[in-house]
Amino acid sequence: MRELYDFDIEKGNIIGIDEAGRGPLAGPVVAAAVKINEYHDFFEDINDSKKLSEKKREILFDKIITHCHVGVGISTVEEIDEVNILNATFLAMNRALEDIEKDEIKFEKVLVDGNKLIKGYEGKQEAIVKGDAKSLSIAAASIIAKVTRDRIMLINAEKYPEYHFEKHKGYGTKLHREILLEKGALPIHRKTFLKKILKKETDE
């Protein structure tokens, strides 16, 4: 989308960063960083990953990987339980930036989706509220992060077929909660996320 690209141009030589998976009960949180060097026609199809179909995200994922500089960072379930989801998200974002910096690209500032700056990152950064609807780089990063995390959850679906991660991707849907009550938690479940939910379900 051209207006999203223009937004980035006005911000200067930037990298966009976003995450996927802060809310689910299971699986990692994944962050992605994207640097766009030039405009391509397929950018017209890019929007907030949550507004795109799974098939469309997969197609755009491949195009973004091919035509842009991309970095990915992951924070594990164990890290989420140990340091909390916000700090784990910052860990993933820092790792995504470390990953993209391996390309030795030059940039002046990081645009971060949301209202918080990345803790522990010493470079110049700016928080952009609803950034995936304003910045092309952040929107592209949201797609990379979402598809990467979904693929991880599909691997878990094969490993634990009775939990149906292919349907809910670890989010706290009615189906997922029912399975949790029946079968219990797996190693990939966020223990700190389950306490209130399981207690609430049990109390009811």
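All of these numbers come straight from a predicted model, not from anything done at the bench.

A. Looking closely at the packing of helix α2 (residues 54–67) against helix α5 (residues 136–159). At their nearest, the axes of α2 and α5 sit 9 Å apart, and the two run at 115 degrees to each other. Where α2 crosses over α5, the two elements pack in a sense that is left-handed. Residues Glu54, Arg57, Glu58, Leu60, Phe61, Asp62, Ile64 and Ile65 of α2 form the contact with α5, whose own contacting residues are Ala140, Ile143, Ile144, Lys146, Val147, Thr148, Asp150, Arg151 and Leu154.

B. Structural detail: the pattern of salt bridges. What the rule picks out here adds up to eleven salt bridges. Lys102 is paired through a salt bridge with Asp99; the nearest N and O atoms lie 3.8 Å apart. Between Lys174 and Glu178 there is a salt bridge whose closest N-O contact spans 2.5 Å. Highlighted residues: Lys174 and Glu178, both in helix α7 (residues 174–183), separated by four residues, approximately one helical turn.

C. Seen up close, a negative patch on the surface. Taken together, the side chains of Glu3, Asp6, Glu10, Asp41 and Glu44 make up a negatively charged region of the molecular surface. Tracing the sequence through the fold places Asp41 in the loop between β2 (29–35) and α2.

D. Fine view of the environment of Leu175. Note that Leu175 resides in helix α7. Judged by relative accessible area, which is 32%, Leu175 ranks as partly exposed. Along the backbone, Leu175 and Tyr163 are twelve residues apart, and their C-alpha atoms lie at a distance of 8.9 Å. Not counting the four nearest positions on each side in its chain, Leu175 is found in contact with His164, Lys167 and His168.

E. Region of the structure containing the layout of surface pockets. If you add up the space inside the second largest pocket, you get close to 160 Å³. Along its surface, the second largest pocket is lined by Asp18, Glu19, Arg22, Leu86, Thr89, Phe90, Met93, Val112, Asp113, Gly114, Asn115 and Lys116. Of all the secondary structure elements, the ones that give two or more residues to the lining of the second largest pocket are β1 (14–20), α4 (85–100) and β4 (109–113). Sorting elements by how many residues they give to the lining of the second largest pocket places α4 first, with four residues. Here the lining of the second largest pocket is built from residues that sort into four nonpolar, three polar and five charged.

F. Seen up close, the packing of aromatic side chains. The full count for this structure, using the stated rule, is five aromatic pairs. Taken together, a centroid distance of 5.3 Å and an interplanar angle of 65 degrees make the contact between Tyr39 and Phe43 edge-to-face. Judged by its relative accessible area of 0%, Phe43 is buried. Three or more aromatic residues joined by ring pairs make a cluster, and in this case those are Tyr5, Tyr39, Phe42 and Phe43. When the ring centre of Phe61 is taken as origin, the NZ or CZ atom of Arg151, which lies over that ring, is 4.3 Å away. Positioned over the ring face of Phe193 is Arg190, at 5.0 Å from the centre of the ring.

Thresholds applied
- Residues numbered from 1 in each chain as written.
- Predicted model: local features only at pLDDT ≥ 70, side-chain atom pairs only at ≥ 80, totals over all residues.
- Heavy atoms only, no water.
- Axes fitted to C-alpha atoms, helices over the stretch in contact; angles between N-to-C directions.
- Helix = DSSP H or I, 4+ residues; strand = E, 2+ residues; numbered from the N terminus.
- Left-handed = near helix turned anticlockwise from the far one by under 90°.
- Contact = heavy atoms within 4.5 Å.
- Salt bridge = Lys/Arg side-chain N within 4 Å of Asp/Glu carboxyl O.
- Patch = residues over 30% accessible without salt bridge, like charges linked within 9 Å, V, L, I, M, F, W, Y side chains within 5 Å.
- Areas by Shrake-Rupley, 256 points an atom, 1.4 Å probe, with all protein chains shown as cover.
- Lys, Arg positive; Asp, Glu negative; His and termini not counted.
- Charge placed at Lys NZ, Arg CZ, Asp CG, Glu CD.
- Buried < 20%, exposed > 50% of the residue type's maximum accessible area, 1.4 Å probe, protein only.
- 1 Å grid on protein atoms, 1.4 Å probe; cavity = no way out; pocket = protein on both sides within 12 Å on 5 of 7 lines; lining within 4 Å.
- Points joined across faces, edges and corners; volume = space filled by probe spheres on them.
- Nonpolar A, V, L, I, M, F, W, Y, C, P; charged D, E, K, R; others polar.
- Phe/Tyr/Trp six-rings, centres within 6.5 Å; stacked < 30°, edge-to-face > 60°.
- Lys NZ or Arg CZ within 6 Å of the ring centre and 35° of its normal.

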